[in-house]
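What the coordinates show
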Amino acid sequence: MSIVTVQLGQCGNQIGHEVFSALCSDIRGTHGLCSKKENQSYQDSCKERFFCEEESAVPVARAVLVDMEPKVISQTLSMAASSGHWKYSSHSHFCQKQGSGNNWANGYSVHGPRHKEAIMNLVQKEAERCDRLGGFFTIMSMAGGTGSGLGAFVTQCLRDAFPTSFILNHVIWPYGTGEVIVQNYNSVLTLSHLYHSSDALLVHENDVIHKICAQLMNIKQISFRDVNQVIAHQLGSVFQPTHSAGGGSGYSRNPLGDLMEALVPHPEFRMLGLRNIPQMPEHSLPYSTFSWPGLIKHLRQMLIANAQMEEGIDWQVRPPHPGSSIPSTNKPLHFNTSIANLVILRGKDVHGVDLGSFQDPSLYTSWLNPQDAFNTWKTPRAFNKYEKSASLVSNSQFLLKPLDSIVGKAWNMFASKAYLHQYTKFGIQEEDFLDCFTTLEQVISSYTNL
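You'll find the chain entered in an unreviewed UniProt entry as Tubulin delta chain, with Hypocryptadius cinnamomeus given as the organism. Per UniProt, the comment on the chain under Sequence similarities (unreviewed entry) is "Belongs to the tubulin family." Of the comments in the UniProt record for the chain, the one headed Cofactor (unreviewed entry) reads "Mg(2+)".

The next point concerns helix H12 (residues 400–415). Here H12 spans 22 Å end to end across 16 residues, near enough to the 22 Å set by a 1.5 Å rise per residue. Residues Leu400, Pro402, Leu403, Ile406, Val407, Ala410, Met413 and Phe414 constitute the buried set of H12. Buried-residue contacts for H12 involve strand S8 (166–173), helix H6 (183–197), strand S9 (200–205), strand S11 (271–277), helix H13 (420–424) and helix H14 (430–448). Backbone geometry just downstream of H12 places Lys417 in the positive-phi region, at approximately 55°.

Okay, the side chain of Thr376 next. Tracing the sequence through the fold places Thr376 in strand S13 (residues 374–379). Apart from residues no more than four positions distant in its own chain, Thr376 is found in contact with His243, Ser244, Ala245, Leu342, Val343 and Leu355.

Our focus in this paragraph is the pairing of strand S7 (residues 133–141). The element S7 is largely enclosed, with a buried count of eight among its nine residues. Relative to S7, strand S1 (residues 2–8) is paired through six bridges, and the arrangement is parallel. By the bridge assignment, Thr5 is partnered in S7 with Phe137. In this structure, S7 lies alongside S8, joined through seven bridges in parallel fashion. What sits directly across from Phe136, in S8, is Ile167. One crossover worth recording links S7 to the parallel S8 by way of helix H5 (residues 146–161), and it is right-handed.

Conventions and cut-offs
Residues numbered from 1 in each chain as written. Predicted model: local features only at pLDDT ≥ 70, side-chain atom pairs only at ≥ 80, totals over all residues. Heavy atoms only, no water. UniProt positions renumbered as here; feature names shortened; annotations may be inferred. Helix = DSSP H or I, 4+ residues; strand = E, 2+ residues; numbered from the N terminus. Expected span 1.5 Å × (residues − 1). Buried < 20%, exposed > 50% of the residue type's maximum accessible area, 1.4 Å probe, protein only. Contact = heavy atoms within 4.5 Å. Pairing = 2+ DSSP bridges. Right-handed = clockwise from strand over helix to strand, strands pointing away.

This is how it looks when you write it as C-alpha cells:
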C-alpha cells in the first residue's frame, strides 16, 4: 500500500526532502547484509510505499508540497531533481508569494479556506495515483504559521475527504528557548486541532535532535539540515519495510494501519515518541560493533527513564514492583509508564533477539494486556549502513513534561492577553483558545494518570 506525504511550510518541506533522500539512499545501498531475494522485495516494497515509477525510470516521490512562500519549495524541487536518484512530480506543489508571518490564525483562517480547493485537488490527484492508498503522512512544525495553522486546516480537510484513511501527523516541537515569540500559542492551537482530526501525532523535539547532533554525531556547527537528517534517519528506521509478527513471509502491507493498531488503543492517547539506536557519524561505523542484548538493554532503559538518546541514561530508574498496588502518584521518581510500545529491529540475526524485557507488565498501564501493549517488527535487511539497529515507537509519558511546559507558557501569555489581537483580527477568538486549552489539559491529565 502507498503513503501520500504532505509537506507543509518551510520545516515540513525541508524535512520531507531529507526523508525521501534517506529512503532512496537506503534502497540504493548494497549494504543490505541479506539475501538478494530479500533485498529485492525490500526495495520493491519501499518503492510501492513512497515512490511511483515514471517512464524516465527516476522514482517520483508520492508527495504534495505546500508553502505560502516560493523559496523553499523551489529549492526543494531542484535539490531532489539534481540528485539524479529521485525527484518530486512537477505538478504536485502549491505556493504563494506572501507567507503566514508566523501567525497560526493567518494560516488556518485565511490561507486555508482561500486555497483549500487547489491544495485538496493536488492531494486527490496524488491519492488517485496509488493502486491502494494506505493513508497520509503530513510533516509540519508547530511553531510557525504555515506549517502549523495551514497544516491543522489541511489535516481537517484530509479527514473530511478521506474519512476511512489513516492520517499520521509528524510534528516538530519548537526549541524551548524558541525563535518565535508566539510559538507557544501556535503550538497549543496546532496540537489541540490535530488531536481532533488525526489518528496519531508522531513528535520530534528540536532540542533533543540538537543534542543528538552535538553529542552523538559530533557536529560542531549544527545546521537545520543536520537536524533534519537525523529526523529523516529516525523516520526511515520506522517506515522502511519490515515483517510484522503475524504477517507471514511478505513485507507488511500497510505501515500506517499497522502502526495505529499497535500503538493507539484509545482515542484519548495519540502522542507517539520515537527513539533510535545506535546513532553515530558514518565514518565511525566500521570501527563499532553492537550486540543485540546490549542494544535492547539500552533501548529499554531509555524507555523507562525517558532518556532521549543512548548517552546519559539514568540507570537508577526501575519499574515499580509487580503486584504493588501503589497509586500512580507514588510511582518511582521519573518512571515513564507506557500504554503501548513497538520495537523495530533491522539487520543481522534479528530473529534470535530476546525482547522479553519489553513484555514486563510493570512497564504498562494496568488497563491493557501486556501481550496487546507490545509489538515487534523485524527484517534481516540492514538500514542505512548500520549492521544492527533498533527503533522504539512509544505511546507513553514521553511528552508529558514538554506538553505541560508549552501549555503553561501559553496560558501565562493568554492570561495577560499578550499578542491576542494578532489572532482575533483573523477570527480566532478567546473562546477558541479556551477550547484548545481544555483539550490539552484533558490530554495532560489522561497521560499523568497512567
